[in-house]
Amino acid sequence: MDAYERITRNAAEVVTEEEIEALADDPDGKRAYVGYEPSGVLHIGHMLTANKLIDLQEAGFEVTVLLADVHAYLNDKGSFEEIRHTAERMRDQFIAYGLDESNTQFVLGSDFQLDDDYTLDLHALELETTLARAERAMAEITSGDSVKVSQAVYPLMQALDIPYLGVDLAVGGMEQRKVHMLARDVLPSIDREPPTSLHTPLIADLGTGRGKMSSSAGVTISMEDSRDDIESKVNDAYCPPTADPEPTDDGVERENPVLQVFEYHVFPRFETVRVERPAEYGGDLEYDGYDALEADLESGELHPADAKGALAEYLDRLIAPGREQLAE
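As the structure is a prediction and not an experimental result, all values here were calculated from the model.

With respect to the sheet that holds strand 3 (residues 62-67)
Then step 1. Ordered in space as 1-6-5-2-3-4, the six strands form an open sheet in which the pairing is mixed. The sheet terminates laterally at strand 1 (13-15) and strand 4 (104-108), the two strands that pair on one side only. Adjacent strand axes in the sheet meet at a mean angle of 20 degrees, parallel and antiparallel pairs treated alike.
Then step 2. Taken together, the five bridges between strand 3 and strand 4 define a ladder with parallel strand orientation. Across the sheet, the residue bridging to T64 is Q105, located in strand 4.
Then step 3. Where helix 2 (residues 17-25) meets the sheet, its contacts fall on strand 1, strand 5 (169-173) and strand 6 (197-200), and the angle it forms with strand 1 comes to roughly 85 degrees.

Take a look at the structure:
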């Protein structure tokens, strides 16, 4: 796998293709970043972008993880003292999950977002941005019926973080796409380069296959989960014998979240995946890549229950180091 393939593996979108190709031509020493609101415990959404950061490190990138304490404060997630304590816990969990500590810089937003230069640049962006434009950028991230002024400023800060961190690539889930497009629009107004970005897919709700898996609604998996918790959640997961399920009776599109977790979480971290089965049901199956596993599920060679058993096993292996770190 060359640098371009590793950088773009499992990406839902890159902006732009030409800019990514240029980074892939000489990735050594380039810097990528992801920003996270400190939330205490890593869940499967954090792990998806962390997998991409691991890919980027293997391709030669250095990684910055922004632990966005100011953003969390603006989003009403607690006091600064509480948020910063949470940020420290998250830092240790990212390392336990597999980020190369020697090649990862953890930065608190308050380390630079309260400086005079940053504040003045933020005000300059506010002059260039309508309230409606800022609200659109924040729409996928906020919750509740009304947007507070602090939440309208939030996406402009995300845009400004990119040049202040000195990064070459901004990484986020597809819910961050509007923020990155806002950054491309407004940063040139303060003589900053529009950022190159990479977006990871959104995984459907584990129990229904609809919408987006969320830590605040529906079923998700986190580093707090025990082996039994993981097995219970995976066994209850929506997993029809296809990668392309029929929509609901109401016309709502569905995905197969079990296959999505295999594709985006398990196969990027394990060279081979073994599905254990009793001899009377054909014995064990072994897969060197995701496509073969999906094909066997479609053909009936692999039963959904056996796929779930293997998924619980490999998810537990991924989560166990973080779970142990939390226990300490």
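Focus on a negative patch on the surface
Then step 1. Taken together, the side chains of D244, E246, E253, E255 and E298 make up a negatively charged region of the molecular surface.
Then step 2. Note that E246 resides in the loop between helix 10 (227-235) and helix 11 (257-266).
Then step 3. Under the relative-accessibility criterion, E246 is labelled exposed at 60%.

Re the UniProt feature "short sequence motif: 'HIGH' region" (unreviewed entry) in the protein
Then step 1. Sequence positions flagged by UniProt for "short sequence motif: 'HIGH' region" (unreviewed entry) are, in local numbering, residues 38-46.
Then step 2. Segment residues 38-46 splits into 33% helix and 0% strand. End C-alpha atoms: 11 Å apart.

Considering the UniProt feature "binding site: L-tyrosine" (unreviewed entry) in the protein
Then step 1. UniProt records the feature "binding site: L-tyrosine" (unreviewed entry) at Y33, Y154, Q158, D161 and Q176, using the numbering of this structure.
Then step 2. Tracing the chain through its elements places Q158 in helix 8 (residues 149-165).
Then step 3. You can call Q176 buried: its relative accessible area is 15%.
Then step 4. A distance of 2.9 Å separates a polar atom in the side chain of Q176 from a polar atom in the side chain of Q158.

Some remarks on the environment of R317
Then step 1. Within the fold, R317 resides in helix 13 (residues 304-327).
Then step 2. Of the residues examined, R317 reaches a relative accessible area of 43% and is grouped as partly exposed.
Then step 3. In this structure, the C-alpha to C-alpha distance between R317 and V219, residues 98 residues apart in sequence, is 19 Å.

What to know about the side chain of S110
Then step 1. Relative to the assigned elements, S110 resides in the loop between strand 4 and helix 6 (116-128).
Then step 2. With relative accessibility at 14%, the residue S110 sits in the buried group.
Then step 3. A distance of 3.1 Å separates a polar atom in the side chain of S110 from a polar atom in the side chain of R84.

Rules and cut-offs
- Residues numbered from 1 in each chain as written.
- Predicted model: local features only at pLDDT ≥ 70, side-chain atom pairs only at ≥ 80, totals over all residues.
- Heavy atoms only, no water.
- Pairing = 2+ DSSP bridges.
- Helix = DSSP H or I, 4+ residues; strand = E, 2+ residues; numbered from the N terminus.
- Axes fitted to C-alpha atoms, helices over the stretch in contact; angles between N-to-C directions.
- Contact = heavy atoms within 4.5 Å.
- Patch = residues over 30% accessible without salt bridge, like charges linked within 9 Å, V, L, I, M, F, W, Y side chains within 5 Å.
- Areas by Shrake-Rupley, 256 points an atom, 1.4 Å probe, with all protein chains shown as cover.
- Salt bridge = Lys/Arg side-chain N within 4 Å of Asp/Glu carboxyl O.
- Lys, Arg positive; Asp, Glu negative; His and termini not counted.
- Charge placed at Lys NZ, Arg CZ, Asp CG, Glu CD.
- Buried < 20%, exposed > 50% of the residue type's maximum accessible area, 1.4 Å probe, protein only.
- UniProt positions renumbered as here; feature names shortened; annotations may be inferred.
- Polar contact = N/O pair within 3.5 Å; in protein donor to acceptor, adjacent residues only side chain to side chain.

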